[in-house]
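Commentary on secondary and tertiary structure
Single-letter residue listing:
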Amino acid sequence: EEIISQLLLPDSAAITAATTKLKEVIKEPAIIPALCEILTGCDNTAVRQYAATILRQKIEKCWSKLDEGFQSGVKTTCLQVLSQGPAKEVRNSVAGVVSVISKHQFESWPELLNFITGACVNEATQQLGLYLLGVVSDAVAMEMEPHFPALFQLYAGTLSSADPEVLYLTCVAMSKLVLFIGTDYVQGFAALLPASIKAVHNLLTADQDKACQALELFENLLECEVPVVVPHLADLTELCLEVAASTALEDATRVKFMTFLNWLISAKKKTIQKLKLVERVLGVVFKLLATPEPEDIESETPIQYAGIILDTIALNLPAEKLVPALFQTY
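Below is a summary of the structure that appears in this document. Not measured: the values here are computed from a predicted model.

A word on the packing of helix α5 (residues 68–83) against helix α6 (residues 88–105)
- At a closest axis distance of 10 Å, the pairing of α5 and α6 adopts a crossing angle of 140°. Every pair of crossing elements has a handedness; the one defined by α5 and α6 is left-handed. In this structure, α5 uses Gln71, Val74, Lys75, Cys78, Val81 and Leu82 to contact α6, whose residues at the interface are Val90, Arg91, Val94, Val97, Val98, Ile101 and Gln105.
- Each residue belonging to the contact of α5 with α6 can be placed in one class, and the counts come to nine nonpolar, two polar and two charged.

Next up, the structure:
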């Protein structure tokens, strides 16, 4: 603890000396229980965070070589610290330790999933549970496949939350599973998408950056060609158009959603035509193109991106479909 405290001092000489000491003690097996003791007993958030970071780096290299007692101690410490509702910095660093352990022992550590699901169904600990679920899913999504039905049921509950952070963390956790959604689980995952679209919409008024990150759930679905997007194409298009047209939102947010819409038009052009969405898209695009653009703009603007979408429509739609839509729009 003293060494870590020195590493955090605004004194280069003290940091250099502490770094030298740390390089020596980190080679000793006793470093692991010592770090666990700091995590459970120290009151300094920065020291605890640093201890968790060192612990993660240590076990990444030697977890399989540790005896069962050391391994059990680390796992118990992680769940104990997380159950105490630590500061976000400590939570995130300890979750990194859990991620490393999961890659080695997820199936033989049932207490972890029990802890996560228990936290997710408790309103007071939902953010912790969902954050941890996202981290673990990112590490061992394939091994979690037998638990998909239970997880989908859990997501259905958290997507109804009024807490924007819970909605955001749910979308992030769901996105980690996309690559592993086989035919047996498509229907269950698809049932979550209407609530997921609504969650992204609600996030726009709470935190635009997190709304953009939550949209990545649908980007992943489109990229992986999971056959669940098409039934919700109209709703996704309407969401993107609403964002594109809203001058109350930041340009970066509008461009993010317009980029997704552009990709959607290119990837699902036949469905876009079938659902008669072309006229709706053109209507918003032309309104944007008719808007005077401010001078001295350094980044891409919604007005500029409207031209890109128009170009994509022209390239992907046959003339006999596009020309009537253009006349109807005008």
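A short note on helix α8 (residues 126–140)
- End to end, α8 covers 21 Å across 15 residues, agreeing with the expected 21 Å (1.5 Å per residue, within 8%).
- For α8, the tally of buried residues reaches eleven of 15 residues, placing the bulk of the element in the interior.
- Taken together, the buried positions of α8 are occupied by Gln126, Leu128, Gly129, Leu130, Leu132, Leu133, Gly134, Val135, Val136, Ser137 and Val140.
- Contact partners of the buried residues in α8: α5, α6, α7 (110–120), α9 (148–158) and α10 (164–175).

Observations regarding the layout of surface pockets
- Of the voids in this model, the largest pocket is the one considered here, and its volume is about 210 Å³.
- Along the wall of the largest pocket there are 15 residues; nearest its centre are Thr247, Arg254, Leu288, Thr291 and Ile303.
- For the lining of the largest pocket, the elements supplying multiple residues, two or more each, are α15 (251–267), α17 (278–289) and α18 (302–316).
- Element by element, the count of residues in the lining of the largest pocket is highest for α17, at three residues.

Side note on the side chain of Gln208
- Relative to the helices and strands, Gln208 is located in helix α13 (residues 208–224).
- A polar side-chain atom of Gln208 sits 2.8 Å from a polar atom in the side chain of Thr253.
- Those residues in contact with Gln208 that lie beyond four places of it in its chain are Leu203, Ala248, Leu249, Glu250 and Thr253.

A word on unusual backbone geometry
- One non-glycine residue with positive phi stands out, namely Lys276, at about 55°.
- In this structure, Lys276 sits in the loop between α16 (269–274) and α17.
- Overall, Lys276 belongs to the exposed group, its relative accessible area being 65%.

A look at the packing of helix α4 (residues 45–62) against α6
- With their axes 8 Å apart at the nearest point, α4 and α6 run at an angle of 15° to one another. When the interaxial angle is binned, α4 and α6 end up roughly parallel. The hand of the α4/α6 crossing is left-handed. Contacts between α4 and α6 involve Thr45, Arg48, Gln49, Ala52, Thr53, Leu55, Arg56, Ile59 and Glu60 from the first element and Glu89, Val90, Ser93, Val94, Gly96, Val97, Val100 and Ile101 from the second.
- Considering only residue class, the contact of α4 with α6 consists of eight nonpolar, five polar and four charged.

A word on the packing of aromatic side chains
- According to the stated counting rule, one finds three aromatic pairs in the structure shown.
- Both rings, one in Phe148 and one in Tyr185, keep their centres 5.2 Å apart while their planes meet at 75°; by these two values the pair is edge-to-face. One end of the pair, Phe148, is in helix α9; the other, Tyr185, is in the loop between α10 and α11 (186–190), and 37 residues separate them in sequence.
- Plain terms: the ring middles of Phe152 and Phe189 are 5.6 Å apart, the flat faces sit at 70° to each other, and that makes the pair edge-to-face. Residue Phe152 is located in helix α9, and its partner Phe189 is located in helix α11; the two are separated by 37 residues in the primary sequence.
- Overall, the relative accessible area of 0% leaves Phe189 in the buried class.
- Counting every residue linked through ring pairs, the aromatic cluster contains Phe148, Phe152, Tyr185 and Phe189.
- When the ring centre of Tyr131 is taken as reference, the NZ or CZ atom of Arg91 above it lies at 4.0 Å.

Definitions and limits used
- Residues numbered from 1 in each chain as written.
- Predicted model: local features only at pLDDT ≥ 70, side-chain atom pairs only at ≥ 80, totals over all residues.
- Heavy atoms only, no water.
- Axes fitted to C-alpha atoms, helices over the stretch in contact; angles between N-to-C directions.
- Helix = DSSP H or I, 4+ residues; strand = E, 2+ residues; numbered from the N terminus.
- Left-handed = near helix turned anticlockwise from the far one by under 90°.
- Contact = heavy atoms within 4.5 Å.
- Nonpolar A, V, L, I, M, F, W, Y, C, P; charged D, E, K, R; others polar.
- Expected span 1.5 Å × (residues − 1).
- Buried < 20%, exposed > 50% of the residue type's maximum accessible area, 1.4 Å probe, protein only.
- 1 Å grid on protein atoms, 1.4 Å probe; cavity = no way out; pocket = protein on both sides within 12 Å on 5 of 7 lines; lining within 4 Å.
- Points joined across faces, edges and corners; volume = space filled by probe spheres on them.
- Polar contact = N/O pair within 3.5 Å; in protein donor to acceptor, adjacent residues only side chain to side chain.
- Parallel < 35°, antiparallel > 145°, perpendicular 65-115°, else oblique.
- Phe/Tyr/Trp six-rings, centres within 6.5 Å; stacked < 30°, edge-to-face > 60°.
- Lys NZ or Arg CZ within 6 Å of the ring centre and 35° of its normal.

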